[in-house]
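Here is how the chains run, residue by residue.
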4 protein chains.
Amino acid sequence: MDNKRKPYQLVSREWKKEDTIIKLKNTTIGAGNFSLIAGPCAVENEDQIFTICEFLSKFDLKLLRGGAYKPRTSPYSFQGLKKEGLVLLRKAADKYKMSVVTEVMDTNLVDEVAQYADVLQVGTRNMQNYQLLRALSKIDKPILLKRGMSSTLEEWLLAAEYILSGGNGQVILCERGIRTFETATRNTLDLSMVPLIKSLSHLPIIVDPSQGTGVRELIEPMSLAAIAGGADGLIMEVHNNPDQALSDGGQSLYFDQFSALVKKLAATSEFFGKKTTFYTESITN
Amino acid sequence: MDNKRKPYQLVSREWKKEDTIIKLKNTTIGAGNFSLIAGPCAVENEDQIFTICEFLSKFDLKLLRGGAYKPRTSPYSFQGLKKEGLVLLRKAADKYKMSVVTEVMDTNLVDEVAQYADVLQVGTRNMQNYQLLRALSKIDKPILLKRGMSSTLEEWLLAAEYILSGGNGQVILCERGIRTFETATRNTLDLSMVPLIKSLSHLPIIVDPSQGTGVRELIEPMSLAAIAGGADGLIMEVHNNPDQALSDGGQSLYFDQFSALVKKLAATSEFFGKKTTFYTESITN
Amino acid sequence: MDNKRKPYQLVSREWKKEDTIIKLKNTTIGAGNFSLIAGPCAVENEDQIFTICEFLSKFDLKLLRGGAYKPRTSPYSFQGLKKEGLVLLRKAADKYKMSVVTEVMDTNLVDEVAQYADVLQVGTRNMQNYQLLRALSKIDKPILLKRGMSSTLEEWLLAAEYILSGGNGQVILCERGIRTFETATRNTLDLSMVPLIKSLSHLPIIVDPSQGTGVRELIEPMSLAAIAGGADGLIMEVHNNPDQALSDGGQSLYFDQFSALVKKLAATSEFFGKKTTFYTESITN
Amino acid sequence: MDNKRKPYQLVSREWKKEDTIIKLKNTTIGAGNFSLIAGPCAVENEDQIFTICEFLSKFDLKLLRGGAYKPRTSPYSFQGLKKEGLVLLRKAADKYKMSVVTEVMDTNLVDEVAQYADVLQVGTRNMQNYQLLRALSKIDKPILLKRGMSSTLEEWLLAAEYILSGGNGQVILCERGIRTFETATRNTLDLSMVPLIKSLSHLPIIVDPSQGTGVRELIEPMSLAAIAGGADGLIMEVHNNPDQALSDGGQSLYFDQFSALVKKLAATSEFFGKKTTFYTESITN
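Note that the structure is predicted; figures quoted are calculated from it, not measured.

When you go through chain A residue by residue, the secondary structure sums to nine helices and eleven strands. For 285 residues, the compact-globule estimate of 2.2 N^0.38 gives 19 Å, and the C-alpha radius of gyration of chain A, at 17 Å, lies within 12% of that figure. Each principal axis of the C-alpha atoms in chain A carries an extent, and together these give about 50 × 45 × 40 Å. For chain A, the proportion of its 285 residues judged to be buried stands at 69%. Expressed as a percentage of contacts within chain A between residues at least 6 apart in sequence, the contacts between residues at least 24 apart total 69%. Only carbon and sulfur atoms are counted for the fraction: they give 46% of the accessible area of chain A, which is about 9,400 Å². Looking at chain A, you have 34 positive and 33 negative side-chain charges, and the mean spots of the two groups are 3 Å apart.

This is the structure in structure tokens:
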């Protein structure tokens, strides 16, 4: 959409015309699919993650999210179950035939996380952690690259370029809101990035309405808006007991909210010409 | 969504539960309708505005936008045809049975603009021009109140409160993008405001994807996203010859783009349960 | 500092090499002077403004600020004494041989405010109120043009260009903080504008540390920083009883704070080679 | 300055009243000293770093900056000499009796960088790289913690809290500009943080006018402003040949600019009651 020479190359449409497709054992991201990644902000204990997983499996969900290593603003906040969290995620996901998406915060943890996860997530605070990006460029697993909270489109694509140029072409971009002056929402979800990325890059892009708004009631409308804008999927927080959650409870969906939403997501993505990879039985509005 | 005491009153859902409905001679904004306001950034001459109006009338559009008085960043840019522009807007709108939406920039111009327009627009630069808001609170015409480019939700609602508290309850809010660090788009369109406003206020809210992105190619996806997010309508720029437009050519739609878009807007708003007030014949996807 | 063609002309150094000097009856802004404008956020009553004026006159202050017409975010906040406030400002200023700096919010008020004020201020919310700027370009009084809270340097200079191109060359620019994500301060005071404006334009520039920080304790250090950065002066809020002030009490200085500060301002501006137009007796650190 | 319960503890004035003092072999940061850290953006070769070091030693500078591992937005930009750069920094610093300040980008590099550096810098992109902060909390060297480009005051202090709570109390904070809508400067240098940090925390705070403005001509005025605002020091880029620099040439000072500036810095810090740790001979304005 602009003609000046772009500073990135491998991530661009000019370099590769066809959409990049991310193939997991149990599902495919991109390729006209609409994917839904859901789960708790953080794994808290075995009961919690199995309860949530069982619930999600009713909707035939293929992708489980959950934090084991949690980047927290305060050193005094719950920091995640770490390796134990990874083990639990894997166990729960295996039982319910799901793939695990979880964050890796440091180069030292890449091997450990890669052992348990199917997709490794780079969080917003680490989008420009270039040593981490380089380490992830050397593994053979897909990377979910969240936009930095104050990153421009160009900086984001260049962060992806680090991964591609190191040899790993399996990158999924994730818009998760940017930092602005507005305080009514936790972040300002910048949905214009979805069609803009689609036009400039071949990489799939998903949206995180939980982090992107920080307000539970906004998750449904912004999820539908993300689909309408062309997103390849969503990642969102759901919890069996949001009021007792150890982190991000206020933006996690209750089970009944999630149930109602899944139905609408399926119908909406179908309307916009995407195949849903979940809730694939007959859909009635 | 938060429980602290709100600084606004008359605009709030607590004050008035039912949605505010804006009734014009030829159409109604709100009340489950999806409205489309279209036209050039600025009226340039008789030929231009009649050509555009004729084109819009093919889609049964009820609401014509066009600037007569233009707030321009530079004193050396085209400032609009002023009163002549108002006359032309009225003439064209009358011929094609449309209502006129146009900006009023100053208290001194309220009477003049009100004489020709059906809806008076307050632009983003004047959202906190309180003398103007007070003057508009005393007239009997609907006001389209654009969000200030760096206004919080609360400041925006308080600007509307100025109009309501002065006696004019006919206010339509318009999200048009905010100023952030991102330069790939002209503004960052903050669609989360749509459901948030719907929850906090009874006033209708529409979205301006032209100003909100500044990128022609983003107008379609962001329009669809706005509908999915629950907007009561859209306002957008269309021009018979964008490449020669005296202002905002780069974000104005070509006629053929607009034709394709109208069809999608109608189908999409119907899918989301809104009645379209335009293109009301049989819709085929 | 950059070589691309500038969109402004009359305000630029290229157009006019020598610094613009603003001459008032009792003092001169620019020309190597360091000016101090002080007074309450708003005129509240005769007692208040005379008490404050008497206090300021002890320091030989030449410039009194005070709001008569106040742009307030909420319609339910104190809106100023309006014309009565102007009368009181004039009366107090005359008694103590000061010049009046006060805000004009609307074209309709230009004549009235110009009758009482020596310098007419355009507030941050009206920086792009172009009708107002045009009206002010036609009067023969200096204009204090505050930066819009989300205005770029270029937009600010173009707003000044409106005034100069209409015929009024007496413009003083005022940096008053911009809107950012940071909430620890009310605004982010952008002192880099001071040397940048000095380099690009011949207009004098002053700084408002009261609005610029919104925190009383920051006024002293940011005032000194503004002087070090090259500002031609300061505008600040001082009140005989900040805790009871009808507006902006939390960022108004107490009398004793102001007394201590004036001394430091005088010494500091002298150190940086500026002549102070106040507190001109012997200065001891 | 506000009374709500603070989320940080060890970094607060309430916890520790006296200023934290950072003692290096050859100089002390804090304790009423004004420190100057200077050097190239990146070490490029032996000749360059020795030339610059020799130049700096004429002013009795105690602190050398220089990047060996460089976090670059693009994977195709010069990434630093890495270990070789560290070796050169050490060698040059030892010859001229200086201390080395250099960035550490990753937990894996902490030991290596700590072996060569006297102060380890955490860059703006890594301010919330919590694994790195934890690793640095376990070493016995001072940490220079730059503010994240979109970090609030609170998040910044909490990042420091990670280091203190892990056992390392030797933290120097560095304001280096935040990301805003303004494009005339590379970042918006937020000098209000200096007195605000001084009031809330016992940690020393310095300012980076090079990164903070990105404009060579602004370095002098913003340096003086930083001193006036109460900063404990400055970190800035100087290069023997800025026009050929491999990174950040446009914001690096020429030698003659630096020479002129050092004199002014010394005089100004003396005026504001700080002892300079450089250029300590007789100072004439």
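So much for the structure itself; the text now carries on.
Residues and elements named next belong to chain B. Packing of helix α1 (residues 46-57) against helix α2 (residues 83-95) brings their axes to within 9 Å, and their N-to-C directions diverge by 30 degrees. What the angle tells us is that α1 and α2 run roughly parallel. Crossing of α1 against α2: the hand is right-handed. Taking contact as the criterion, the partners of E46, I49, F50 and C53 in α1 are, on α2, L88, L89, K91, A92, A93 and K95.

Right, let's talk about the interface of chain A and chain B for a bit. Counting from both sides, the interface comprises 36 residues of chain A and, opposite them, 36 residues of chain B. Our enumeration of links across chain A and chain B arrives at two salt bridges. In this structure, the salt-bridge partner of R147 of chain B is E182 of chain A, at a minimum N-O distance of 2.7 Å. At the boundary of chain A and chain B, one finds four residue pairs in polar contact (both at pLDDT 80 or more). Broken down by element, the residue count for the side of chain A that touches chain B peaks at five residues, all from helix α8 (residues 219-228) of chain A. When grouped by side-chain class, the residues that make up the side of chain A that touches chain B number 21 nonpolar, ten polar and five charged.

Another aspect to go through is the interface of chain D and chain B. By a widespread convention, an interface's size corresponds to the accessible area lost as its parts come together. At the junction of the two partners, chain D supplies four residues and chain B supplies four residues. Around 280 Å² of area is buried between chain D and chain B when both sides are counted, 81% of it from carbon and sulfur atoms. Taken together, the connections running from chain D to chain B amount to zero salt bridges. Across the contact surface, chain D and chain B share zero residue pairs in polar contact (both at pLDDT 80 or more). When grouped by side-chain class, the residues that make up the side of chain D that touches chain B number one nonpolar, two polar and one charged.

Here we come to the relation of the copies chain D and chain B. Superposition record for chain D on chain B: RMSD 0.0 Å, screw rotation 180 degrees, translation along axis 0.0 Å. One copy is carried onto the other by what is essentially a two-fold rotation axis. Across chain D, the rotation axis passes nearest the C-alpha of F181 of chain D, at a separation of 2.2 Å. Looking at the interface residues of chain D, 100% of them are also at the interface in chain B, so both copies use one shared face.

This part is about the environment of E103 of chain C. Residues and elements named next belong to chain C. Summarising the element assignment, E103 is placed in strand β5 (residues 99-103). Given a relative accessible area of 10%, E103 falls into the buried group. Measuring from C-alpha to C-alpha, the distance between E103 and V119 comes to 8.6 Å, with 16 residues separating the pair along the chain.

What follows deals with helix α1 (residues 46-57) of chain A. Because the α-helix completes a turn every 3.6 residues, residues three or four places apart line up on one side. Residue and element names in this part refer to chain A. The end-to-end C-alpha distance of α1, which contains twelve residues, comes to 16 Å, matching closely the 16 Å that a straight helix rising 1.5 Å per residue would cover. Within the sequence span of α1, burial applies to Q48, I49, F50, I52, C53, F55 and L56. Residues of α1 that are buried in the fold lie against β3 (33-39), β4 (63-65), α2 (83-95) and α9 (255-271). Capping the start of α1, N45 holds a side-chain oxygen 3.2 Å from the backbone nitrogen of D47, two or three residues further along.

The transformation that overlays chain A on chain B combines an axial shift of 0.0 Å with a rotation of 180 degrees, and the residual RMSD is 0.0 Å. Taken as a fraction of all interface residues of chain A, those also at the interface in chain B reach 100%, which identifies the copy contact as same-surface.

This part is about the pattern of salt bridges. Evaluation of the coordinates by the stated rule reveals 60 salt bridges over all chains. Between K146 of chain A and D208 of chain A there is a salt bridge whose closest N-O contact spans 2.5 Å. Of this pair, K146 of chain A sits in strand β7 (residues 143-146) while D208 of chain A sits in the loop between β9 (205-207) and α7 (209-213), and the two are 62 residues apart along the sequence. For the pair K146 of chain A and D208 of chain A, one class covers both residues: buried. One salt-bridge network, in which partners are shared between bridges, spans R147, E175 and D190 of chain A together with E182 of chain B.

Before going further, it helps to examine the packing of helix α5 (residues 153-165) of chain D against helix α6 (residues 193-200) of chain D. Residue and element names in this part refer to chain D. For the pair α5 and α6, the least separation of the axes is 12 Å and the interaxial angle reads 50 degrees. The angle between the axes of α5 and α6 places the two elements in the oblique class. Classified by chirality, the crossing of α6 by α5 is right-handed. Seen from α5, the contacting residues are L153, W156 and L157; seen from α6, they are M193, L196, I197 and L200.

Right, let's talk about helix α8 (residues 219-228) of chain C for a bit. Residue and element names in this part refer to chain C. The element α8 is largely enclosed, with a buried count of nine among its ten residues. Residues of α8 that are buried include every one of I219, P221, M222, S223, L224, A225, A226, I227 and A228, and no others. G230 sits one or two positions beyond α8 and adopts a positive phi of about 105 degrees.

Residues and elements named next belong to chain B. As for its position among the elements, N168 is in the loop between α5 (153-165) and β8 (171-175). With a relative accessible area of 2%, N168 lands in the buried category. Of the polar contacts made by the side chain of N168, one reaches the backbone oxygen of I139; its length is 3.2 Å. Within the structure, N168 has its side chain in polar contact with the backbone nitrogen of Q170 (distance 2.9 Å).

Further remarks concern the environment of S252 of chain A. Residues and elements named next belong to chain A. As for its position among the elements, S252 is in the loop between β10 (233-237) and α9. Residue classification places S252 among the buried positions, given a relative accessible area of 1%. Between the alpha carbons of S252 and K25 there is a distance of 27 Å; along the sequence they are 227 residues apart. Engagement of the side chain of S252 in a polar contact is seen with the backbone oxygen of D248, the distance being 3.1 Å.

Under the criterion given, the structure shown has 32 aromatic pairs over all chains. By the ring-pair criterion, three or more aromatic residues cluster together here, those being F55, F59, F255 and F258 of chain A.

Residues and elements named next belong to chain B. A large share of β8 lies buried, amounting to five of its five residues. Residues V171, L173 and E175 line one face of β8 and the alternating positions I172 and C174 line the opposite face, and both faces are buried. Here four bridges tie strand β7 (residues 143-146) to β8, and the two strands are oriented parallel to one another. Paired with I143 across the bridge in β8 is V171. Following the backbone out of β7, through α5 and into the adjacent parallel β8, one traces a crossover that is right-handed. Where β8 lies against strand β9 (residues 205-207), three bridges are found, and the strand directions are parallel. Bridge pairing in β9 links C174 to I206. Once the chain exits β8 it traverses helix α6 (residues 193-200) before rejoining the sheet at β9, and the crossover so formed is right-handed.

This part covers the pairing of strand β7 (residues 143-146) of chain C. One face of the sheet, then the other: side chains in a regular strand alternate in exactly this way. Residue and element names in this part refer to chain C. Across the two faces of β7 the burial is the same, with I143 and L145 and L144 and K146 all buried. Where strand β6 (residues 119-122) meets β7, three bridges bridge the pair, whose relative direction is parallel. Its bridge partner being in β7, L120 is matched across the sheet by I143.

Another point: the confidence of the model for chain A. Confidence along chain A averages 95 in pLDDT terms, with 97% of residues attaining 70 or more. The complex prediction reports pTM at 0.96, with the ipTM value standing at 0.96.

Rules of the game
Residue positions within a chain follow its written sequence, with the count starting from 1. For this description, chains carry letters from A and ligands carry numbers from 1, given in the order in which they are written. Two thresholds apply to this predicted model, a pLDDT of at least 70 for residue-level local features and 80 or more for giving and counting side-chain atom pairs, whereas whole-chain, interface and lining totals are computed over all residues. The basis for every side-chain value is the complete set of non-hydrogen atoms in the structure, without hydrogens or water. Secondary structure elements follow DSSP: runs of H or I no shorter than four residues count as helices, runs of E no shorter than two count as strands, and numbering proceeds from the N terminus. Just to be clear, the radius of gyration here is over C-alpha atoms, and the globule rule we use is 2.2 Å times residues to the power 0.38. Here's how the labels work: a residue is buried when its accessible area is under 20% of the maximum for its type, exposed when over 50%, partly exposed in between, all with a 1.4 Å probe on protein chains only. In what follows, a contact means two residues having at least one pair of non-hydrogen atoms within 4.5 Å. Throughout, the Shrake-Rupley method with a 1.4 Å probe supplies accessible areas, and for residues the shown protein chains are the sole cover considered. Positive charges are assigned to Lys and Arg, negative charges to Asp and Glu, while His and the chain termini are left out of the count. Charge positions are represented by NZ for Lys, CZ for Arg, CG for Asp and CD for Glu. To get an axis, a line is fitted to the C-alpha atoms, and for a helix only the part in contact is used. The angle between two axes follows their N-to-C directions and goes from 0 to 180 degrees. Each angle is binned into one of four classes, with values under 35 degrees roughly parallel, values over 145 roughly antiparallel, values of 65 to 115 roughly perpendicular, and all other values oblique. Take the far helix as the reference: if the near one is turned anticlockwise from it by less than a right angle, the crossing is left-handed, and if turned clockwise, right-handed. Take a side-chain nitrogen of Lys or Arg and a carboxyl oxygen of Asp or Glu: if they are within 4 Å of each other, that pair is a salt bridge. Pairing of N or O atoms within 3.5 Å defines a polar contact, subject to two protein rules: one partner must be a possible hydrogen donor and the other a possible acceptor, and residues neighboring in sequence count only if both atoms are side-chain atoms. Three classes are used, and their members are as follows: Ala, Val, Leu, Ile, Met, Phe, Trp, Tyr, Cys and Pro are nonpolar, Asp, Glu, Lys and Arg are charged, and the others, Gly among them, are polar. Two parts placed together each lose some accessible area; with a 1.4 Å probe, that loss summed over both constitutes the buried area. Least-squares superposition of the copies uses the C-alpha atoms of those residues scoring a pLDDT of at least 70 in each of them. Multiplying 1.5 Å by the residue count of a helix minus one yields the expected span of that helix. Here a pair means two rings of Phe, Tyr or Trp (six-membered ring of Trp) with centres within 6.5 Å. Their orientation is stacked below 30 degrees between planes, edge-to-face above 60, and tilted elsewhere. We call two strands paired when DSSP finds no fewer than two bridges between them. Viewed with both strands pointing away, a crossover whose connecting path from the first strand over the helix to the second turns clockwise is right-handed. Each residue carries a pLDDT score, the predictor's confidence in it, ranging from 0 to 100.

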